[in-house]
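# Close look at the chain arrangement
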Amino acid sequence: MTLLAKISSHATHDEMANAIRALAMDAVEKANSGHPGMPMGMADVATVLFTRFLAFDPADPAWPDRDRFVLSAGHGSMLLYALLFLLGYPGMTRAELERFRQLGSRTPGHPEYRHTIGVETTTGPLGQGLANAVGMAIAERLLAARYGAEIVDHRTYVIAGDGCLMEGISHEAIALAGHLRLSKLVVLFDDNDITIDGAVSLADSTDQVKRFEAAGWRASRIDGHDPQAIAAALEAAQSSDRPVMIACKTTIGYGAPTKAGTHAVHGAALGKDEVAGARKALGWTSSPFEVPEHIQAAWTEAARHAAARHAAWRTRYDKLDPALRQAFEADVCGWVAPCVREAVEAFKRAAAESPAPQATRVSSQKVLDRLAAAQQNLLGGSADLTGSNNTKAAGMGPVTAQDFSGRYIHYGVREHGMAAAMNGIALHGGFIPYGGTFLVFSDYSRPAIRLAALMGLRVIHVLTHDSIGLGEDGPTHQPVEHLSALRAIPGLFVFRPADAVETAEAWELALAGEDHPSAICLSRQNLPLLRRVHTTENLSAKGGYVVSEPPGARDVTLIATGSEVSLAVTAAAQLEAEGIRAAVVSLPCFELFAALPSDERVAVLGEAPRIAVEAAIRQSWDQFLRPGDGFIGMTSFGASAPAADLYKDFNITVEAIVAEARARLASAGAPPG
């Protein structure tokens, strides 16, 4: 008996799809909040996908070769929660459906990774899920190139709506996927012609099929309520040589007697009378949140069949050479290789022995040369700034449509798409992604960086040209507010190393940070080596440490990051000549330092007047500065000129630090010495 026959022996397709519709209506109605329209409209598509095509196993939701399902239109979360409930995923109970959008429930308003078992990525900001899926599809191809199709051979399916395809990130993601010919990626477009404001025609007239075709996809249109047409399109996608987009013409709020096909059903509960009318139209007679036994049996049979693919994969996996299995497990689990520590130590020792001035972006590349050899699943890339970001490590070949054995992705001028794809790569597993751009262009990447922090993903952003020190490119390219803006994102660790040694330590910490993203902000200009005596301890691990301590009690503490630490060191020497005892503190990572116990922070910062120095705005510094402490930095945008002239013009100089120290001591009434 075929799968379809087995399922149909329990319930019809319409009955199974209507179970999704009913649960979505019930949950949104009970919460009096949510989006019933999309789940009701895409229930037919989802039913065909999950019962006939998707490889998954509710008993082991994270098995590596499962198909990935991404609900890019995350506002329709009840579609996914209903599926997880019907398929028997752990923790998705009727009680959780009844607590939709309530505090502490496993059914939040938009799907959240780690929060709900079976959710592959956090979605809601439109277009992000689509771009995540591109990253997942890239990771699948890369992992298959390493371990073979016997072990890695799965697809990534996406449900996306009009809003996802209007967002600019969709252009970046679609173009990259088409360029790389990601044939295991399938986008199911909920083509319902409705947005929150009303008809799509109010704002957009794009032919999405032609758009995808122009980007190198195979694209088609079908009736999204015809299960045979849906199945035929998905079957054709299985043998495509490029990514596939299927435009599913649907009616939003399918079944609702007066609101179906209108924006009224998009983002609000249907209302008691409309729900009653929909139940009648759909022939659904069960009480709220109840699914008839024969329909539940059909969904259970679909889950059982899908899980059989997991069992077959496990048999193949167990026959692998033990060494290959161990390597696969290490990659998928994201373990940091023991030799990473050795590589960092070797670099730090070499730097101390050859203390030539060097831009930290150059130091970063030299560290990467060692790390790429030590951590074989380190996956690099840049948004068309490879030579400026210094992100391509020795031995890293390019990833191309013809060859996925490389370890370096040329993302093109697509910062946002790059950041979101890296999130997808991290979510998929198998690789530790990093990507480069200028710090000022982190604005383009910010929504994806924020979601990486929300999901707790190890994604590393290499952000070079980190201050006015980049010079002549001027204020359009000189980051001023960006360090504070990034530090404002909870869970993002922002590193700004002062020299080659701190750069190596930042990389070690970023790799070790399995539950958070990191941003490593690097200089264009050469910086002197400050740590000239080698130490095996990673001094940056606490976020801040004393670079130099004067004899006796401090008169003042100079605190700086990145390129300004060397200015503080020189200023301290001048102050010492004047009899003023100045300590210097490097603060490469605010997040790590803020996590220290208060007494440890005070031991580093001291009780004397503090002066912070950073070629950026003050905003993020006030957590470490007290009333009466000083700050030397930027209060405006930069300008186009050589770096040395800019530092002088904006008064970020040794002389300014010395003068500020004198002024603070005078205002405090504390004689030096």
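Residues numbered from 1 in each chain as written. Predicted model: local features only at pLDDT ≥ 70, side-chain atom pairs only at ≥ 80, totals over all residues. Heavy atoms only, no water.

### Points about the sheet that holds strand β2 (residues 156–161)
On the basis of which strands lie adjacent, the open sheet formed by 5 strands has the order β1-β2-β3-β7-β6 and parallel pairing. The open sheet has two edge strands with one neighbour each: β1 (68–71) and β6 (218–223). For this sheet, the mean angle separating the axes of adjacent strands, direction not counted, is 20°. Two elements, β1 and β2, share 4 bridges in a ladder whose sense is parallel. Within β2, the residue paired with arginine 68 across the bridge is threonine 156. (Pairing = 2+ DSSP bridges. Helix = DSSP H or I, 4+ residues; strand = E, 2+ residues; numbered from the N terminus. Axes fitted to C-alpha atoms, helices over the stretch in contact; angles between N-to-C directions.)

### Looking at the side chain of serine 518
By secondary structure assignment, the location of serine 518 is in strand β14 (residues 518–521). Residue serine 518 is classed as buried on the basis of its relative accessible area of 0%. Once residues within four sequence positions are removed from consideration, serine 518 is found in contact with Val459, Ile460, His461, Leu492, Phe493, Phe495 and Ala510. (Buried < 20%, exposed > 50% of the residue type's maximum accessible area, 1.4 Å probe, protein only. Contact = heavy atoms within 4.5 Å.)

### Some remarks on the packing of helix α4 (residues 77–87) against helix α12 (residues 293–318)
Interhelical geometry of α4 versus α12 gives an angle of 85° and a closest axis separation of 8 Å. Between α4 and α12, the crossing angle belongs to the class labelled roughly perpendicular. Here Leu83, Phe85, Leu86 and Leu87 of α4 come into contact with α12, specifically with Gln296, Trp299, Thr300 and Ala303. Here the residues of the contact of α4 with α12 sort into 6 nonpolar, 2 polar and no charged. (Parallel < 35°, antiparallel > 145°, perpendicular 65-115°, else oblique. Nonpolar A, V, L, I, M, F, W, Y, C, P; charged D, E, K, R; others polar.)

### Points about the side chain of histidine 75
Note on placement: histidine 75 falls in the loop between β1 and α4. You can call histidine 75 buried: its relative accessible area is 15%. When residues no more than four places from it in sequence are discounted, the contact partners of histidine 75 are His35, Met38, Gly109, His110, Leu126 and His266.

### Examining the pattern of salt bridges
Taken as a whole and judged by the stated rule, the model has 33 salt bridges. Residue arginine 664 is joined to glutamate 660 by a salt bridge in which the shortest nitrogen-to-oxygen separation is 2.7 Å. With arginine 664 and glutamate 660 both in helix α25 (residues 654–668), this residue pair falls 4 residues apart, about one helical turn. A residue is classified by how much of its surface remains accessible, and arginine 664, at 22% relative accessible area, is partly exposed. One network of salt bridges, in which partners are shared, links Arg341, Glu345, Lys348, Glu505, Glu508 and Arg531. (Salt bridge = Lys/Arg side-chain N within 4 Å of Asp/Glu carboxyl O.)

### Considerations on the sheet that holds strand β20 (residues 630–632)
Backbone hydrogen bonds hold the strands of a sheet together, and the pairing may be parallel or antiparallel. Taken together, the 5 strands give an open sheet; going across it, the order is β16-β18-β17-β19-β20, and neighbouring strands pair in mixed fashion. Because the sheet does not close on itself, it has two edges, and the strands there are β16 (545–548) and β20. This sheet shows a mean twist of 30° between the axes of neighbouring strands, independent of strand direction. With 4 bridges connecting them, strand β17 (residues 556–560) and strand β19 (residues 610–613) associate as parallel partners. Opposite leucine 558, over in β19, you have isoleucine 611 as the bridge partner. Running over the sheet, helix α21 (residues 564–577) touches β16, β17, β18 (582–586) and β19 and is turned about 160° from β17.

### Re the confidence of the model for the protein chain
Here the protein chain averages 97 in pLDDT, while 99% of its residues score no lower than 70. Summarising per-element confidence for the protein chain, the mean pLDDT is lowest in helix α1 (residues 3–8) (71) and highest in strand β3 (residues 185–191) (99). (pLDDT = per-residue confidence, 0-100.)

### A closer look at the nonpolar core
Residues Met78, Leu234 and Trp299 are the most contacted members of the largest nonpolar core, which totals 125 residues. If you tally residues by element for this core, the top one is helix α6 (residues 128–147), at 12 residues. Beyond its immediate sequence surroundings of up to four residues, tryptophan 299 is in contact with Met16, Ala19, Ile20, Thr47, Phe50, Thr51, Leu83, Leu86 and Leu87. (Core = buried A, V, L, I, M, F, W, Y, C linked by side-chain atoms within 4.5 Å.)

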